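Inside the fold
One letter stands for each residue in the lines below.
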Amino acid sequence: NYGPVATGRGSRGDHIASFDLEIASSRQIHETRTASGRHVIAWFFFASFALASYCIYTGILELPKGAVPMRESGEDNPSNDNVSGLNDDDWELPSGYDEQDNAKQEAEKAFASAAEQQSNNHKPTNGIKFVFCYGDSLTAGYIPNESTTHPYGPALQSELNNLYHAASAAITPELQHPPNIVIQSAGYLGMPAKAMLKNVEQEKVGACTAVEHSPKPSVVIILAGTNDLMQVAPYPERPGDPEASHDDYRVEMILGPITTLYKAVLACSARVGGNDMHILSVGIPGSQFQIGHPTASEIAAKVNEGLNEFSSNYRGTSGKIVYTDFPFAYDESDSKWAPDGLHLTALGYDELGKRLAPVVKSVLDMMYDDL
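Attention here is on the structure that accompanies the text. (Residues numbered from 1 in each chain as written. Predicted model: local features only at pLDDT ≥ 70, side-chain atom pairs only at ≥ 80, totals over all residues. Heavy atoms only, no water.)

1. Some thoughts on the overall build of the protein
For the protein, the count of helices and strands is 11 helices and 7 strands. Counting all 371 residues of the protein, 44% fall into the buried class. Across the protein, the fraction of contacts at a sequence separation of at least 24, relative to all contacts at a separation of at least 6, is 73%. As displayed, the protein has an accessible area near 19300 Å², and 53% of this comes from carbon and sulfur atoms. (Helix = DSSP H or I, 4+ residues; strand = E, 2+ residues; numbered from the N terminus. Buried < 20%, exposed > 50% of the residue type's maximum accessible area, 1.4 Å probe, protein only. Contact = heavy atoms within 4.5 Å. Areas by Shrake-Rupley, 256 points an atom, 1.4 Å probe, with all protein chains shown as cover.)

Right under this line is the structure:
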């Protein structure tokens, strides 16, 4: 809005304007340069943030341990069993962990208990069929705000006994007897499949340790993937990636570690002579998290499809893999599900064991003729 108040011609004949016009021009140049500088700074910070996000997402740059705040189960947003972030290498045993409550000890306790039972019944221990349940908090039987856990193993054992009682009674009623099956479990809060794979040989939590300290287990039930899903699904899309390929990438981030874990456990079993061991692969269950994040539900479905296909097509040198969907769907109003929308109640864990029993029985029946 500045303009000259007077113009004239100087002594050298040059046309001059008022000082007001010169001041206005100077201010306009200054403001233009300042605005340009602000734009450059803004674009610099935006580009830096985008580059850092891409590096973290692709694994080029890792967040320092503790950089992502951890939530306690039961908060408004479902927690990842108190473990957050994409860097699964930082997974650790929960504080207050009982040194005796680990995979190796659980396997040894299972064998000792079975040996004592068989000795009391004057039966050889080599007739025992071991089933080991391995996984995260859903295998541990974690219930939010409860001081004790409620694993599904005992309910699985009870229902297997009932099924074999009924089967033997239908053939020879006078020969009814509980089968020589021992079930033990080891589950770890917040443990994603990637950490299970990384620690597969670890003495306290490794699946291989459990397998090697049980005398040739028949079936290992692996329930994993829920923690991985909660870590991977909410992540922003990688810059420049089409949505389809991005979803495939996230599916593989979950599917890859789980299927590799299966092969590693079978290899461990073969190493100690368990060439016929079977893995029962249980699909990722539903949750309130998946309802709130439809993309997570789609990823879970694709992972489960992938597990089913992998199990059906597996042609390893030893053992077999059998897939089954999680036995029941998530329903907020169902008393089988805990209020956090992620874990089960005691009733839910019992139902899980009961529903898995017919599947375990079918696997055992494929393997043995003497049950």
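2. A look at the state of the cysteines
Under the criterion given, the structure shown has 1 disulfide. Disulfide partner of C208: C268, at an S-S distance of 1.7 Å. Its S-S torsion of approximately 75° makes the covalent link between C208 and C268 right-handed. Placement of the pair is C208 in helix α6 (residues 207–212) and C268 in helix α8 (residues 243–271), with a sequence separation of 60 residues. No difference in accessibility class separates C208 from C268, as the two residues are buried. (Disulfide = S-S within 2.5 Å.)

3. Thoughts on the nonpolar core
Among the nonpolar cores identified, the biggest contains 44 residues, and Y134, I222, L229, I254, V265, I279 and V303 are the most heavily contacted of them. Taken together, the elements giving at least two residues each to this core come down to β3 (129–135), α5 (193–198), α6, β5 (219–223), α7 (226–232), α8, α10 (294–313) and β7 (320–324). With 10 residues, the single largest contributor to this core is α8. Dropping the residues within four chain positions of it, V265 is found in contact with V200, A207, C208, V211, I222, M277 and I279. The next biggest cluster of nonpolar side chains, apart from the first, holds 29 residues, and it includes V219, W337, L344 and Y349. (Core = buried A, V, L, I, M, F, W, Y, C linked by side-chain atoms within 4.5 Å.)

4. Quick look at the pattern of salt bridges
In total, this model carries 5 salt bridges according to the counting rule given. Two residues, K336 and D334, come together in a salt bridge whose shortest N-O distance is 2.7 Å. Comparing K336 with D334, the two get one shared label, buried. (Salt bridge = Lys/Arg side-chain N within 4 Å of Asp/Glu carboxyl O.)

5. Brief notes about helix α11 (residues 346–367)
The end-to-end C-alpha distance of α11 is 31 Å, a good match for the 32 Å that 22 residues give at a rise of 1.5 Å each. By the largest-angle criterion, A357 marks the main kink of α11, which is about 35°, and a proline, P358, follows within four residues. (Expected span 1.5 Å × (residues − 1). Bend = angle between axes of the 7 residues up to and from the residue.)

6. Section: the packing of aromatic side chains
Taken as a whole, this structure holds 6 aromatic pairs when the rule is applied. Judged by centre distance (5.8 Å) and plane angle (45°), the ring pair of F310 and Y314 falls under tilted. Taking relative accessible area as the criterion, Y314 reaches 16% and is therefore assigned buried. In textbook terms, an aromatic cluster arises when at least three aromatic residues are bridged by ring pairs, as seen for F326, F328, Y330 and W337. Its guanidinium or amino end placed over the ring of F328, K336 lies 5.1 Å from that ring's centre, counting from NZ or CZ. A cation over an aromatic ring shows up here: K361 above the ring of Y164, its NZ or CZ 4.9 Å from the ring centre. (Phe/Tyr/Trp six-rings, centres within 6.5 Å; stacked < 30°, edge-to-face > 60°. Lys NZ or Arg CZ within 6 Å of the ring centre and 35° of its normal.)

7. What about the environment of Q288?
By the element assignment, Q288 lies in helix α9 (residues 288–292). Residue class for Q288 comes out partly exposed when judged on its relative accessible area of 27%. Separated by 44 residues in sequence, Q288 and E332 place their C-alpha atoms 7.4 Å apart. Residue contacts for Q288: discarding those within four places in its chain leaves Y330, E332 and G341.

8. Structural notes on the sheet that holds strand β4 (residues 181–187)
Here we have 5 strands laid out as an open sheet, ordered β4-β3-β5-β6-β7, and parallel in their pairing. Looking along the sheet, the strands with just one partner apiece sit at the ends: β4 and β7. Geometrically, the sheet is characterised by an average inter-axis angle of 20° between neighbouring strands, direction not taken into account. Inspection of the sheet shows strand β6 (residues 278–282) paired to β7 by 5 bridges, in the parallel sense. Following the sheet pairing, I279 is matched in β7 by I321. Seen against the sheet, α10 touches β6 and β7 and runs at an angle of roughly 145° to β7. (Pairing = 2+ DSSP bridges. Axes fitted to C-alpha atoms, helices over the stretch in contact; angles between N-to-C directions.)

Geometry only, nothing functional implied.
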